[in-house]
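Here's the letter readout for the chains.
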Amino acid sequence: MSYNLHSCISDEFNGFDEGQVFRLDSGHVFQQSVHHYHYHYAYRPRVKVFQQGSNLVIEVEGVPEAVPVREVSCVEEGVIVSDFKGYEGQSLFQFENGHVWGQAEYKYSYHYAYRPNAIVIDGMNGLELHVEGMDETVRVRRLR
């Protein structure tokens, strides 16, 4: 598919980092596909996604360079129904619809949020949970 997509990031943008997930107002979800770090905070910045040679790239308003991404599919989206305390190794994440996802890899990263929005994507590393307010994702598996 040839892209020339203009939209906005649905929430906060904290820059680029490996594996970063970008959810757009257009409904598209992209994941950064190469390691590149650049911190830049913006709330709902405008973006452009387009072909640059053989790469699909995202250009974010206020950031001097575009970064390669790939489009990923959203498997689940919703609200985690309890206090969220980050990734603790074997954490369980229950969504409002009753689906429960469990951590499928060991990763520890503390972040407290009450009933945060979250999405599960079929990303570069398989099924990954991305929680609003966290830059890091974690691999998950559906338990029920």
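Residues numbered from 1 in each chain as written. Predicted model: local features only at pLDDT ≥ 70, side-chain atom pairs only at ≥ 80, totals over all residues. Heavy atoms only, no water.

S.K.: Looking at this structure, I do not really get the packing of aromatic side chains. What am I missing?
M.R.: The geometry of an aromatic ring pair is captured by two quantities: the separation of the ring centres and the angle between the planes. The tally for this structure, following the rule as stated, stands at 6 aromatic pairs. A centroid spacing of 5.4 Å and a plane angle of 75 degrees characterise the contact between Phe13 and Phe16, whose relative ring orientation is edge-to-face. Residue classification places Phe13 among the buried residues on the basis of a relative accessible area of 2%. Taking the relative accessible area as the measure of exposure, Phe16 reaches 1% and is therefore buried. Plain terms: the ring middles of Tyr87 and Phe93 are 6.2 Å apart, the flat faces sit at 85 degrees to each other, and that makes the pair edge-to-face. One exposure class covers both Tyr87 and Phe93, and it is buried. Taking NZ or CZ as reference, Lys48 lies 4.9 Å from the ring centre of Phe50, over its face. (Phe/Tyr/Trp six-rings, centres within 6.5 Å; stacked < 30°, edge-to-face > 60°. Buried < 20%, exposed > 50% of the residue type's maximum accessible area, 1.4 Å probe, protein only. Lys NZ or Arg CZ within 6 Å of the ring centre and 35° of its normal.)

S.K.: Explain the pairing of strand E17 (residues 138-142) to me, please; I cannot follow it from the model alone.
M.R.: It is a general feature of regular strands that their side chains alternate between the two faces of the sheet. In the sheet, strand E12 (residues 100-103) pairs with E17 via 3 bridges, with the strands oriented antiparallel. Looking at E17, one finds that Gln103 is bridged to Val140. Direction of pairing for strand E16 (residues 126-131) relative to E17: antiparallel, over a ladder of 2 bridges. In the sheet register, Glu128 faces E17, and the bridge partner there is Arg139. Hairpin connection from E16 to E17: 6 residues lie between these consecutive antiparallel strands, with Gly133 at a positive phi of about 95 degrees. (Pairing = 2+ DSSP bridges. Helix = DSSP H or I, 4+ residues; strand = E, 2+ residues; numbered from the N terminus.)

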